[in-house]
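The primary structure of each chain is shown beneath.
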Amino acid sequence: LSGSYRKLQFDAPVGVFDSGVGGLTVLAALRHEMPQASFVYLGDTARLPYGTKSPETVVRYALRAAEALVERGIGLLVVACNTASAVALPSLRQRFGDLPVIGVVEPGAEAACASSASGRIAVLATEGTVRGKAYERAILARRPDAQVISVACPVFVALAEEGWHDNAVARAAALAYVAPLFADPRHRPAPDCVVLGCTHFPLLSGVIAEICGPSVARVDSAQTTARSVARLGEWRAAAAPRVHCLATDGIERFARVGARFLGAALDPRDVELVDL
Ligand code: DGL
């Protein structure tokens, strides 16, 4: 990744785009890695979920959201949404020319290859990400001997938004989605690495770990992406680093549910409603 762009000097804010609140897990990781940077975050809450939409629709939405962030003067775009990263990166890079556009799939794939000894890697993601096979391609490009098993886990998205990440319903969902990876004889030997390939899944990391057991690595694409972005450039310290949030619908819900993903309080008065 770091080879794709020359070492950049940033004083413009970093744009972060997601279908909704899930990408706030990526924003939290970015802020941790780059406390001196300012961010503009756009959650396209009017159009979510992206995970069940066709690639053409996701590309169209992603281009429009990215335009809105470019109009705000961003110096770099992080596509925090795994589904948009899986299907829209080439179109975004083509449209925005010199603007560095970083998705979450490549860093997640890189971390998965580094942490898997056997090369048997499971990817948990939305339907759209699984269908697009972007993780599979990115993993196989780095490690042609890898065997990638992808599982669409759409119910995890609703559970994370509901705050149900540590209860009986979350455990039942984790059992249904994840246990077959370890019980099904077709998947022998079982994977030794599980990629949390959706913005929402880091919140369910605990119940997923209960099913996988301690010897299976869990790769959080939010954290691996933040580390890759931090390595890309040198962020000039803004006098007062700022985070500005934009949402296309429901700023009260964005702030209430988003706080859980961000891991910090969010005031709806600090969220700007925008129309794309
Ligand atoms: N942000 C999406 C992702 O990471 C999950 C939510 C959605 O489907 O919009 O794939």
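Everything here concerns the structure above.
Described below are features of the structure shown in this document. Quantities reported herein were computed from a predicted structural model and do not represent experimental measurements.

Scoring rules and cut-offs
- Residues numbered from 1 in each chain as written.
- Predicted model: local features only at pLDDT ≥ 70, side-chain atom pairs only at ≥ 80, totals over all residues.
- Heavy atoms only, no water.
- Helix = DSSP H or I, 4+ residues; strand = E, 2+ residues; numbered from the N terminus.
- Rg over C-alpha atoms; globule rule 2.2 N^0.38 Å.
- Buried < 20%, exposed > 50% of the residue type's maximum accessible area, 1.4 Å probe, protein only.
- Contact = heavy atoms within 4.5 Å.
- Lys, Arg positive; Asp, Glu negative; His and termini not counted.
- Charge placed at Lys NZ, Arg CZ, Asp CG, Glu CD.
- Near = heavy atom within 4 Å.
- Polar contact = N/O pair within 3.5 Å; in protein donor to acceptor, adjacent residues only side chain to side chain.
- Areas by Shrake-Rupley, 256 points an atom, 1.4 Å probe, with all protein chains shown as cover.
- 1 Å grid on protein atoms, 1.4 Å probe; cavity = no way out; pocket = protein on both sides within 12 Å on 5 of 7 lines; lining within 4 Å.
- Sits in = over half its atoms within 2 Å of the grid points.
- Nonpolar A, V, L, I, M, F, W, Y, C, P; charged D, E, K, R; others polar.
- Salt bridge = Lys/Arg side-chain N within 4 Å of Asp/Glu carboxyl O.
- Pairing = 2+ DSSP bridges.
- Axes fitted to C-alpha atoms, helices over the stretch in contact; angles between N-to-C directions.
- Expected span 1.5 Å × (residues − 1).
- Right-handed = clockwise from strand over helix to strand, strands pointing away.
- Points joined across faces, edges and corners; volume = space filled by probe spheres on them.

### Topic: the overall build of the chain
Consideration 1: The number of helices and strands found in the chain is eleven helices and twelve strands.
Consideration 2: Relative to its length of 276 residues, the chain is compact, with a C-alpha radius of gyration of 18 Å against a globular reference of 19 Å.
Consideration 3: Based on the C-alpha atoms only, the size of the chain along its principal axes is roughly 55 × 40 × 35 Å.
Consideration 4: Split into buried and exposed, the 276 residues of the chain put 57% on the buried side.
Consideration 5: Within the chain, counting contacts between residues at least 6 apart in sequence, those at least 24 apart form 78% of the total.
Consideration 6: Taken together, the 28 basic and 27 acidic charged side chains of the chain have centroids lying 3 Å from each other.

### Considerations on the site of the ligand
Consideration 1: The local shell around the ligand consists of Asp18, Ser19, Pro49, Tyr50, Gly51, Cys81, Asn82, Thr83, Thr126, Cys198, Thr199 and His200.
Consideration 2: Contacts to the ligand include Thr199, whose side-chain N or O atom sits 2.9 Å from a nitrogen atom.
Consideration 3: Notes on the ligand: free accessible area 300 Å², of which the protein chains cover 98%.
Consideration 4: The cavity that encloses the ligand is the largest pocket.
Consideration 5: When the residues that make up the shell around the ligand are grouped by side-chain class, the tally is four nonpolar, seven polar and one charged.

### A short note on the pattern of salt bridges
Consideration 1: Taken as a whole and judged by the stated rule, the model has 13 salt bridges.
Consideration 2: One salt bridge connects Glu210 with Arg171, and the closest N-O pair in it is separated by 2.7 Å. Of this pair, Glu210 sits in helix α9 (residues 205-212) while Arg171 sits in helix α8 (residues 168-183), and the two are 39 residues apart along the sequence.
Consideration 3: By relative accessible area, Arg171 is classed as partly exposed at 32%.
Consideration 4: Residue Arg269 pairs with Asp267 through a salt bridge whose shortest N-O separation is 2.7 Å.
Consideration 5: The exposure class assigned to Arg269 is exposed, which follows from its relative accessible area of 72%.
Consideration 6: The exposure class of Asp267 is partly exposed, given its relative accessible area of 25%.
Consideration 7: One continuous salt-bridge network, built from bridges that share partners, spans Arg64, Glu67 and Arg95.

### Section: the sheet that holds strand β8 (residues 193-196)
Consideration 1: The strand order β7-β6-β8-β9 describes an open sheet built from four strands, whose pairing is parallel. Only two strands of the sheet have a single neighbouring strand rather than two, namely β7 (147-152) and β9 (217-220). Averaged over all adjacent pairs, the angle separating strand axes in this sheet is 20°, with direction ignored.

### Here's the deal with the sheet that holds strand β11 (residues 243-247)
Consideration 1: Spatially, β5-β4-β2-β3-β11-β12 is the arrangement adopted by the six strands of the open sheet, whose pairing is parallel. The sheet is open, and its two edges are formed by β5 (101-103) and β12 (271-273), each paired on a single side. Here the average twist between neighbouring strands, direction ignored, is 20°.
Consideration 2: Of the pairings in the sheet, the one linking strand β2 (residues 14-18) to strand β3 (residues 39-43) comprises five bridges and is parallel in character. Residue pairing for β3: Gly15 is matched across the bridge by Val40.
Consideration 3: Those strands touched by helix α3 (residues 82-96) are β2, β4 (76-79) and β5, and its axis lies near 165° from that of β5.

### What to know about helix α2 (residues 55-71)
Consideration 1: Given a rise of 1.5 Å per residue, 17 residues ought to cover 24 Å, and the 24 Å separating the end C-alpha atoms of α2 matches this to within 8%.
Consideration 2: Inspection of α2 places Thr57, Val58, Val59, Tyr61, Ala62, Leu63, Ala65, Ala66, Ala68 and Leu69 among the buried residues, and these make up the whole buried set.
Consideration 3: The inward-facing, buried residues of α2 abut β2, β3, β4, α3 and β11.
Consideration 4: Note on α2: the residue one or two positions beyond its end, Gly73, has a positive phi of about 80°.

### Things to note about the pairing of β3
Consideration 1: Among the five residues of β3, five are classified as buried, and the element is accordingly described as predominantly covered.
Consideration 2: By the alternation rule, side chains of β3 split into Phe39, Tyr41 and Gly43 and Val40 and Leu42, which are all buried.
Consideration 3: Between the parallel pair β2 and β3, the chain is carried across by helix α1 (residues 24-33), and the sense of this crossover is right-handed.

### Some thoughts on the layout of surface pockets
Consideration 1: Of the volumes computed, that of the largest pocket is approximately 230 Å³.
Consideration 2: As for the largest pocket, its lining consists of 19 residues, of which Pro49, Tyr50, Gly51, Thr126 and Val157 are closest to the centre.
Consideration 3: Looking at the lining of the largest pocket, the elements that each hand over two or more residues are α3 and α7 (154-162).
Consideration 4: Counting residues per element, the lining of the largest pocket draws most heavily on α7, which supplies three residues.
Consideration 5: Class assignment of the residues belonging to the lining of the largest pocket gives a composition of seven nonpolar, nine polar and three charged.

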